[in-house]
Amino acid sequence: MIRDLSRFENKNFDALVIGGGINGAAIARIAASCGVKVGLLEKHDFAWGSSSRSTKLLHGGLRYLEHLELDLVAESLRERRVQLEAAPHLAHPLPFVIPVYKNDARPLWMMRLGVWLYDLLSAGGRVGPHKALSADEVARLAPGIAREGLVGGVEYCDVQMDDARLCLENVLMADACGAAVANYARAEAYIRSNGQVTGVKVRDVLSGRMFDVNAPVIIVAAGPWSDVIFRADRPGAPRRLRLTKGVHIVYEGQISSKAFLLQSRGDGRVFFVIPFRGNTLIGTTDTDYDGDLDDIRVEPQDIQYLLREAARVFPAISFDHAKIIDSFAGLRPLVAKPGDPSRVSRRHLIEEQEPGVWFVMGGKYTTYRAMAEEAVRRALPRCAPALARLRPYTLYGSGGGEGGAEDFARRFGIPVDTVVYLQGVYGGKAPAVLEIARRDPALKEPLCACSPAIAAQVVYAREVEMARSAEDIVARRLGLSYVACHRGHCRRAIERIMA
């Protein structure tokens, strides 16, 4: 899929989606599947914002139970199952341990009740059993965990995913279904005729060129930027969103094969310590944000908070700033409500700002498909009959992601381990990457010793996945920013191939 803005210039669409994060990508994918002529515009790269800066979990939201948001948890657990079936190459069950200490904000009985209710709400779609743990059992599962004050714990199961690639697969599926999609294309202003919005003026971010795109229906799924667009025509209008910043760090080495949901001693909120690509993902913070949306920074106090809380639970580990591979910050675009940011609901809001202009706000990653389907149903009522036929939900790499690795290895002359790795990234589309490798033997070579990624993936990212820069590939197509490559050889190899 080559980035081709001629598909947009002065063209007429039935609907135009602004925002290439997970919600916008899914809206375009679902609308195109219903036969709608739809365009998708993203001003940065696909998944550049919040959709690649999450905790990498598809989960029901265990902590939402204490706020009695049972319907939100139940919906999230249903959608968790949908994504497991749609993208088994990108989503995998992951066991969690919750150690509970004497002075924790949530006592042991509450946590045990919570995981029992969590599984009950999954309505047969649970991904693993839960069980109560004694203090000794927690200690056996988590060598080196603090024992003082430990009263017991629970174990349950959730799902880990690749957020950036899940978003990208929705974009690619939208394109495969007939949508026109483009990254680095910014919607600058509405076009109006007789007071009615009839399209948008678009700027090609890479060249600076402006052009018009016509559509009677505009769906804004711009995440944290939604208020900017909403208030552009209504200066002084109250904010619809409350933005909170979530910071994560990727720490070198794997603390445990189990994931942990932990309670902060300082503010009582929960955070995670999760095995991630051979390393450990620690996060997240949850603080109000009112800064530059295009320059969200990780502050020293954010890192200190996460390392301090992790070190309190794992005192045997000497957490060292030098072992932080990466840190990243994303924004949660929550529907505005007062109170503690950690307690603001993750429910979504879909509303028509003016005739033909719809905004999709709030929500959580796990429920993106349900949100997108609702947005299409409301903004494009004629799609309602077709929506019922979009079962099961499929993505670009759905199907064929497992098995046949040895056959592929023999056919393409590539090690079995490399084939298995490619199937884990691309699912059923892995053979397309192998074909690129076959046409040039040099493209079979690993980019670096630090990961199994091969040169053919760079070409595939450029030719099929619309990557425009080395950063697009490092951060979102291959996720190499999460790998400890101390010499930076991966990036240099990618830059050479891109050149």
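Here the structure is shown first, and the text comes after it.
Since this is a predicted model, take the numbers as computed values, not measurements.

What counts and how
- Residues numbered from 1 in each chain as written.
- Predicted model: local features only at pLDDT ≥ 70, side-chain atom pairs only at ≥ 80, totals over all residues.
- Heavy atoms only, no water.
- Core = buried A, V, L, I, M, F, W, Y, C linked by side-chain atoms within 4.5 Å.
- Buried < 20%, exposed > 50% of the residue type's maximum accessible area, 1.4 Å probe, protein only.
- Helix = DSSP H or I, 4+ residues; strand = E, 2+ residues; numbered from the N terminus.
- Pairing = 2+ DSSP bridges.
- Axes fitted to C-alpha atoms, helices over the stretch in contact; angles between N-to-C directions.
- 1 Å grid on protein atoms, 1.4 Å probe; cavity = no way out; pocket = protein on both sides within 12 Å on 5 of 7 lines; lining within 4 Å.
- Points joined across faces, edges and corners; volume = space filled by probe spheres on them.
- Nonpolar A, V, L, I, M, F, W, Y, C, P; charged D, E, K, R; others polar.
- Polar contact = N/O pair within 3.5 Å; in protein donor to acceptor, adjacent residues only side chain to side chain.
- Contact = heavy atoms within 4.5 Å.
- Salt bridge = Lys/Arg side-chain N within 4 Å of Asp/Glu carboxyl O.

Student: I'd like to hear about the nonpolar core, residue by residue, with values.
Tutor: Counting 60 residues, the largest nonpolar core has F8, V200, I218, I282 and F314 as the members making the most contacts within it. Here this core gets 6 residues from one element, more than from any other, and that element is helix α7 (residues 300-313). Residues L84, V127, C167 and M371 belong to the second largest nonpolar core, which totals 57 residues.

Student: A description of the sheet that holds strand β9 (residues 196-204) should follow, citing residues and the corresponding values.
Tutor: Taken in spatial order, the 3 strands of this open sheet run β8-β9-β10, and their pairing is antiparallel. Because the sheet does not close on itself, it has two edges, and the strands there are β8 (185-193) and β10 (210-214). Ignoring which end each strand starts from, the neighbouring axes of this sheet average 30 degrees apart. Of the pairings in the sheet, the one linking β9 to β10 comprises 5 bridges and is antiparallel in character. Bridge assignment links R203 to a residue of β10, and that residue is M210.

Student: Tell me about empty space enclosed by the protein, and please be specific about residues and values.
Tutor: Evaluated as defined, the whole model comprises 1 cavity of 30 Å³ or more. If you add up the space inside the largest cavity, you get close to 70 Å³. Elements represented by at least two residues in the lining of the largest cavity include exactly α5 (163-176) and α14 (470-477). Partitioned by chemical class, the residues of the lining of the largest cavity number 5 nonpolar, 2 polar and 7 charged.

Student: So what's going on with the side chain of H248? Residues and values would help.
Tutor: Relative to the helices and strands, H248 resides in strand β12 (residues 241-251). A distance of 2.8 Å separates the side chain of H248 from the side chain of T55, its partner in a polar contact. When neighbours within four sequence positions are excluded, H248 is seen to be in contact with R53, S54, T55, L281, I282, G283, T284, L306, D326, S327 and F328.

Student: Tell me about the pattern of salt bridges, and please be specific about residues and values.
Tutor: Applying the stated criterion across every chain yields a total of 41 salt bridges. For R476, the salt bridge goes to D45, with nearest N and O atoms at 2.8 Å. Of this pair, R476 sits in helix α14 while D45 sits in the loop between β2 (38-41) and β3 (57-58), and the two are 431 residues apart along the sequence. The two residues R476 and D45 agree in class, both being buried. E309 serves as the salt-bridge partner of R312, at 3.1 Å between the closest nitrogen and oxygen. Pair noted here: R312 and E309 are both in helix α7, with a separation of 3 residues, about one helical turn. For R312, a relative accessible area of 25% gives the class partly exposed. Taking the relative accessible area as the measure of exposure, E309 reaches 4% and is therefore buried.

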